[in-house]
Amino acid sequence: MSFKLTEGGVCAAKGFKASGMYCGIKDNPTKKNDIALVVADVMCNAAGVYTSNKVKGAPVIVTKSNLEKSGGKAKAVIVNSKNANTCNADGIEKAQEMCRLTADALGIKPEEVIVASTGVIGQVLPIEPIKKAVPVLADTLSYDGNVAAATAIMTTDTFKKEYAVEFEVGGKTCRLGGMAKGSGMIHPNMATTLNFITTDCAISAELLQKALSEIVKVTYNCLSVDGDQSTNDTCMLMSSGLAGNNEIVSDGEEFNTFKDALYEVMASLTKMLAKDGEGATKLLTCVCSTAPDLDTAIVIAKSVIRSPLVKCAMFGADANWGRILCAIGYAEAEFDINKIDVALESTGGKIDVCKDGHGLDFSEETAAKILAADEITILIDMNSGDTTATAWGCDLTYDYVKINGDYRT
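None of the values given here were measured: they were computed from a predicted structure.

Rules used in this analysis
Residues numbered from 1 in each chain as written. Predicted model: local features only at pLDDT ≥ 70, side-chain atom pairs only at ≥ 80, totals over all residues. Heavy atoms only, no water. Pairing = 2+ DSSP bridges. Helix = DSSP H or I, 4+ residues; strand = E, 2+ residues; numbered from the N terminus. Contact = heavy atoms within 4.5 Å. Axes fitted to C-alpha atoms, helices over the stretch in contact; angles between N-to-C directions. Phe/Tyr/Trp six-rings, centres within 6.5 Å; stacked < 30°, edge-to-face > 60°. Buried < 20%, exposed > 50% of the residue type's maximum accessible area, 1.4 Å probe, protein only. Lys NZ or Arg CZ within 6 Å of the ring centre and 35° of its normal. Left-handed = near helix turned anticlockwise from the far one by under 90°. Core = buried A, V, L, I, M, F, W, Y, C linked by side-chain atoms within 4.5 Å.

*Asks:* Now, about the sheet that holds strand 11 (residues 283-291): what can you tell me, with residues and values included?
*Replies:* Overall, mixed pairing links the 7 strands, which are arranged 9-16-11-15-12-13-14 in an open sheet. Of all the strands in the sheet, just strand 9 (223-224) and strand 14 (358-359) have a single pairing partner and so form its edges. As defined by bridge partners, strand 12 (residues 341-346) adjoins strand 15 (residues 375-381) across 5 bridges and the pair is classed as antiparallel. The residue of strand 15 that forms the bridge with D341 is D381. Its contacts with the sheet put helix 6 (residues 253-275) on strand 9, strand 11, strand 15 and strand 16 (387-394), and the angle it makes with strand 16 is roughly 35°.

Structure, rendered in structure tokens:
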């Protein structure tokens with residue numbers, strides 16, 4: 001279906017305000033925003049997906065607990081950057097305090113607050129700057145506050161990540177939009193990074209969670225920058241229901257329309273996250289087609305996109321297709337490697353490099369021209385079915401090592 005792109009990011013949907021500011025969680029001479037608040041005019045149905053890392057940030061634990069207490073309802077999101085509040089003895093206490101401070105400022109219950117943090121792991125989160133900031137954030141909330149919020153959640157990101165669309169359900173115009181952050185420590189198995197998505201489409205809490213879980217599987221879970229899964233991965237979806245449509249309460253055409261809109265937003269944000277990988281110069285997309293089933297297609301596409309050797313080859317514009325076959329070969333799935341075809345494509349053209357699991361003669365000069373582009377697609381044809389999956393990532397560069405060699409300092 002077609003969507004109309006719209007402005008506003010996390011504030012595009014009716015009933016959502018946001019704010020962001022610099023509070024001083026970490027010394028920063030440029031005083032970039034480091035804390036954000038998103039608030040709904042009404043109580044929202046809320047759904048979440050979280051990191052499956054055994055080491056979980058305190059905000060992840062507290063947010064999951066809050067949603068259980070509130071019965072899947074939420075009205076606000078408080079989120080900081082620069083400090084992950086992870087592996088700290090007082091982490092839970094600090095995350096709960098952030099919820100209490102927010103609740104007090106808004107006149108709501110602490111369990112109606114979603115809390116998230118991102119940044120350095122293992123450093124104690126200073127609460128005093130946050131205490132001072134929350135009342136200011138509450139006072140400066142705006143229906144146009146999406147940019148201030150989106151910039152506040154950035155760490156090593158080089159640009160803010162927002163996307164929003166309009167779509168129609170039951171004759172009513174609905175909006176769905178969000179913001180994301182992430183540049184490094186990104187790998188499949190959950191939502192990857194911090195992602196906050198809002199909609200004014202009326203939809204039950206059960207179907208909201210179902211839609212989020214299904215779309216995460218084929219978007220954020222198909223993203224890999226460096227193979228390291230964050231401890232703080234959180235993806236939240238909130239529905240205000242203010243679009244005026246009859247609430248979606250069952251599978252069917254309207255639910256599918258909602259999922260299509262959610263996919264459009266989440267896939268677009270996923271590609272932004274991949275393109276902005278730490279030190280990256282190229283966006284990599286791997287499309288695995290004619291697969292026997294979705295899980296096989298996903299596993300193979302992800303295996304290729306997360307391979308350090310494939311990433312390095314793409315950085316060097318080297319059509320080393322053997323590395324692609326290698327990554328396909330260790331994917332945890334059953335298939336016939338002798339049916340696999342591989343091609344490379346970009347704005348510079350397309351070239352076949354492998355047929356039936358064996359190399360083809362091709363022009364290295366043409367291949368280098370194709371791989372010189374800043375967006376490259378690796379095409380894998382399994383010739384074993386009719387299912388397709390896509391994964392996204394980036395090249396691995398010298399700058400990635402430089403950034404992570406002194407990340408804490």
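*Asks:* A description of the packing of aromatic side chains should follow, citing residues and the corresponding values.
*Replies:* Under the criterion given, the structure shown has 2 aromatic pairs. Ring plane angle 90° and centroid distance 5.3 Å describe the contact between F315 and Y398, whose orientation is recorded as edge-to-face. Here Y398 lies in helix 11 (residues 398-405) and F315 lies in helix 8 (residues 308-315), a separation of 83 residues in the sequence. The exposure class assigned to F315 is partly exposed, which follows from its relative accessible area of 27%. Relative accessible area serves as the criterion here: at 64%, Y398 is assigned to the exposed category. If you follow K161 out to its NZ or CZ, it ends over the ring of F159, 4.5 Å from the centre.

*Asks:* Help me get a handle on the side chain of T118, residues and values and all.
*Replies:* Tracing the backbone shows T118 in the loop between strand 5 (113-117) and helix 3 (128-139). Beyond its immediate chain neighbours, meaning those up to four positions away, T118 contacts N80, S81, K82, N83, A84, I153, T155, K181 and L194.

*Asks:* Please provide a residue-by-residue account of the pairing of strand 3 (residues 35-50), values included.
*Replies:* Where burial is concerned, most of strand 3 is hidden: 13 out of the 16 residues are buried. Sheet topology note: the strand 2 (residues 16-21)/strand 3 ladder contains 6 bridges and is antiparallel. Bridge assignment links G20 to a residue of strand 3, and that residue is A36. Bridge count for strand 3 against strand 4 (residues 73-80) is 7 bridges, and the pairing is antiparallel. Bridge assignment links V38 to a residue of strand 4, and that residue is V77. Strand direction decides the pairing type here: strand 3 and strand 10 (residues 234-239), joined by 6 bridges, are antiparallel. Bridging across to strand 10, A47 finds its partner in L237.

*Asks:* Can you break down the packing of helix 2 (residues 91-106) against helix 3 residue by residue, with the values?
*Replies:* Between helix 2 and helix 3, the least distance of the axes is 9 Å, while the angle of their chain directions is 35°. Seen along the crossing, helix 2 lies across helix 3 with a hand that is right-handed. Along its contact with helix 2, which presents E97, M98, L101, T102, A105 and L106, the element helix 3 presents I130, K131, V134 and A138.

*Asks:* How would you explain the nonpolar core if you had to name every residue and give the values?
*Replies:* Ranked by size, the top nonpolar core spans 72 residues in total, and within it F258 and I378 carry the most contacts. Considering every element that reaches this core, the biggest residue donor is helix 6, with 10 residues. Excluding residues within four positions of it along the chain, F258 makes contact with F167, L176, T199, C201, I203, L208, A211, L237 and I248.

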